[in-house]
Amino acid sequence: MRAVTEKPRRSQAQAWHLRSLKHELIGLAGVVERNVYLTRRYIYWDLAFFVWTVANTLTIVFIAKGIEAGGGQIDVDRATTTLLIGAVVWAYLGIIFEFLTETVAWERWEGTIEYTFMAPLSRAMHLGGSGVFAVLYGLVRAILLFVVVALFFGLAFDDANFAAALVILVVASVSFFGIGMMTAVLPLISPEKGAQLGFVAQGMLLVVSGVYYPVDVLPDWMQWLSKISPATYALDGIRAAILDGAPLTSLWHDIWPLLVIGVACIPLGLGIFHRGEVYAKRHGKLKRSG
Amino acid sequence: MNQLSPVPPDALAIEARALRKEFVRKDRRQGRRRVAALADVSLEVARGECVAILGQNGSGKSTVVRLLSTLLLPDGGEARVFGYDVVRRDKDVRRLVNRVSVEASFFKKMSPSENLHYAARFYGMTPSETGVRIPEILERVGFPPDRRGEPMENLSRGMQQKVALARALLTSPVLLLLDEPTTGLDPRSKLEVQDFVREMRVVHDSTILLCTHDLGEAESLAERVGILDRGELLALEPAADLKARYGAETLEEAFFAATGRGFEDEHDELDAEERKALA
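Procedures and definitions
- Residues numbered from 1 in each chain as written.
- Chains lettered and ligands numbered in written order.
- Predicted model: local features only at pLDDT ≥ 70, side-chain atom pairs only at ≥ 80, totals over all residues.
- Buried ≥ 20, exposed ≤ 12 C-beta atoms within 10 Å, placed from the backbone.
- Helix = DSSP H or I, 4+ residues; strand = E, 2+ residues; numbered from the N terminus.
- Contact = placed C-beta atoms within 7 Å.
- Nonpolar A, V, L, I, M, F, W, Y, C, P; charged D, E, K, R; others polar.
- Core = buried A, V, L, I, M, F, W, Y, C linked by C-beta atoms within 7 Å.
- Pairing = 2+ DSSP bridges.
- Axes fitted to C-alpha atoms, helices over the stretch in contact; angles between N-to-C directions.
- Parallel < 35°, antiparallel > 145°, perpendicular 65-115°, else oblique.
- Left-handed = near helix turned anticlockwise from the far one by under 90°.

Chemist: Explain helix 3 (residues 112–121) of chain B here, please?
Modeler: Two residues of an α-helix separated by three or four positions point the same way, owing to the 3.6 residues in each turn. Taken across its ten residues, helix 3 of chain B has nine buried, putting it largely inside the fold. Three or more residues of helix 3 of chain B are buried, namely B:Pro112, B:Glu114, B:Asn115, B:Leu116, B:His117, B:Tyr118, B:Ala119, B:Ala120 and B:Arg121. Residues of helix 3 of chain B that are buried make contact with helix 1 (10–41) and helix 4 (113–117) of chain A together with helix 4 (127–140) and helix 5 (157–170) of chain B.

Chemist: Which parts of the structure should I look at to understand the interface of chain B and chain A?
Modeler: Size of an interface: often given as the accessible area lost when the parts come together. Tallying the contact residues gives 38 residues for chain B and 35 residues for chain A. Within the residue set of the side of chain B that touches chain A, elements represented by two or more residues are strand 1 (14–27), strand 5 (84–85), helix 2 (90–96) and helix 3 of chain B. In terms of residues, the side of chain B that touches chain A owes the most to one element, helix 3 of chain B, which gives five residues. Residues of the side of chain B that touches chain A, tallied by class, amount to 16 nonpolar, eight polar and 14 charged.

Chemist: Help me understand unusual backbone geometry, please; the structure alone is not making it clear to me.
Modeler: Only a minority of non-glycine residues have a phi that is not negative, and only a minority of peptide bonds are not trans. Residues and elements named next belong to chain B. Located in the positive-phi region is Asp-40, a residue other than glycine, with phi close to 50°. Among the structural elements, Asp-40 can be located in strand 2 (residues 31–45). You can call Asp-40 partly exposed: it has 15 C-beta atoms within 10 Å. In this structure, Ser-172 is a non-glycine residue whose phi angle is positive, near 45°.

Chemist: Sorry if this is basic, but what is going on with the nonpolar core here?
Modeler: Generally speaking, nonpolar side chains in soluble globular proteins are found buried as a group. Core analysis: the biggest nonpolar cluster contains 156 residues, and A:Val89, A:Ile96 and B:Val81 have the highest contact counts within it. Per element, the largest residue contribution to this core is 16 residues, and it comes from helix 3 (residues 76–110) of chain A. Other than its neighbours up to four places away in sequence, B:Val81 contacts B:Ala13, B:Ile14, B:Leu68, B:Val86, B:Val93, B:Leu96, B:Val97 and B:Leu175.

Chemist: Please clarify how the sheet that holds strand 5 of chain B should be interpreted in this entry.
Modeler: Pairing between the strands of a sheet comes from backbone hydrogen bonds, and it takes one of two forms, parallel or antiparallel. Residue and element names in this part refer to chain B. Taken in spatial order, the four strands make up an open sheet running 2-1-4-5, and their pairing is antiparallel. The sheet is open, and its two borders are formed by strand 2 and strand 5, each paired with just one other strand. Bridging between strand 4 (residues 76–81) and strand 5 involves two bridges; their strand directions are antiparallel. Across the sheet, the residue bridging to Arg-80 is Asp-85, located in strand 5.

Chemist: Would you mind going over the packing of helix 2 (residues 43–69) of chain A against helix 3 of chain A with me for this structure?
Modeler: Relative placement of two packed helices is described by the angle separating their axes and the distance separating the axes. Residue and element names in this part refer to chain A. At a minimum axis separation of 9 Å, helix 2 and helix 3 run at an interaxial angle of 155°. Taken as axis vectors, helix 2 and helix 3 run roughly antiparallel relative to one another. Handedness of the crossing formed by helix 2 with helix 3: right-handed. Touching Thr-53, Thr-57, Ile-60, Val-61, Ile-63, Ala-64, Lys-65 and Glu-68 of helix 2 are Val-76, Ala-79, Thr-80, Leu-83, Leu-84, Ala-87 and Ala-91, all from helix 3. Each residue belonging to the contact of helix 2 with helix 3 can be placed in one class, and the counts come to ten nonpolar, three polar and two charged.

Chemist: How should I be thinking about the packing of helix 5 (residues 123–153) of chain A against helix 6 (residues 162–184) of chain A in this particular structure?
Modeler: All names here are of chain A. Orientation of helix 5 relative to helix 6, taken along the N-to-C sense of each, is 130°, at an axis distance of 11 Å. Taken as axis vectors, helix 5 and helix 6 run oblique relative to one another. In terms of crossing hand, the pair formed by helix 5 and helix 6 is right-handed. The segment helix 5 lies against helix 6, with Leu-127, Gly-131 and Val-135 engaging Ser-173, Phe-177, Gly-180, Met-181 and Ala-184.

So, in structure tokens, the structure goes:
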């Protein structure tokens, strides 16, 4: 058999790599474009889901007023904002996870998965496109949710440093994206149970990250887990920025762990997804079902 | 695409040697067992050729297509597409191949135009390129202009298959894998698809591997016809030679003589679940 084994000659390599990179970036934009089309088509689902998220967040945030009404001595506005930040960050994290996990599950449901996996697009760009859209979409939803609930409770944020909070959220998104890639592989290797296992992973993060309570109240072993959860640092930093107006420079103790976890999670997520893809191709799991 | 993965002028379009694929199946009676989907299949297809593979449900036709389109990894043997190994150089293979299958497979809420735009991005096409080419291609496959913005779920099966053909044409594949592309279509749509296949060869110099149930379609489109039975390629030669070899007057008789069964019979030894899994 005559095989093509050589890559292009060195003199052509640079042009080849540039062209290849351009194709990859166009492919990444294609995933974003597709998700824009789908969001437009399912806009009423999105609106309904947003109303549900607002209602859910109100339910959580009212707990602060409930404690005061029950005789508890707390700073209600501060507790309300603390819970609101937890609920908003949690909703944001949920969107990132949902989009990445459903990158595979959704395509399997629509029956397009084989066409996507036989396209000449690297998996990093394929998942990256889902991640970029999820971050943009998630930011819009998170900001809207925050504004709506804050207006409902008449919260004032005179000292808040929203720019620092936004930076923390964006930096944390890198880690969330990496973990999302790890969970995205689940529907690939287990078409029937994969998406549900993704929710399990998401739930574990919810418990250990101090979304609605300080991590100090957790048992020791769970506190150890909270140290490797990026959501812990994201929540800590965002709360400091919004509640106390902390400048970015004073939030370095939250930023560097997020950077370290992010740098570790992206290649780890890609590696895990690659192994899952090989497994799926070995065992014929890519085939459409449903 | 070909600028990134050039096609060597003397390379065969498809070279498969002793290609083997098995799947693990769970059965209440027999527990876990390995079922052979392909057993040492070897074939060569020259550039520009159209080859049809005939076989019953579960014979391994779609497994061949999936292996060549890098959606499955072989358990043994090797396969190359224009000289690129389907396992080690899978991305090069993907740049050269496209596929039309029995299921149109689109995002159902998105319109034909939207589905084509995003699919073309995966092949490096910019919005300015697709803005011009997509309307042209949809017109070429006879898709009505006033329905280009409708959700795919509102379209008939024939219409959806036209969009699938447009998607394949859009990426200018050098090798086109057709997996029962006319199954379930009305006679007129079937003829339109067959005309499109001829045009792909003449105008775009595409090589075609056609897996089909339709004996007439195989005979009219392909230079050579293969018979795949229970994962084994029993023959691959021009339809006339195939008929002569088995002393048959029709391709159906030749198929019967080669396999020992009628074309419409299903595998007796495979249950429905296995046939579905191997299809």
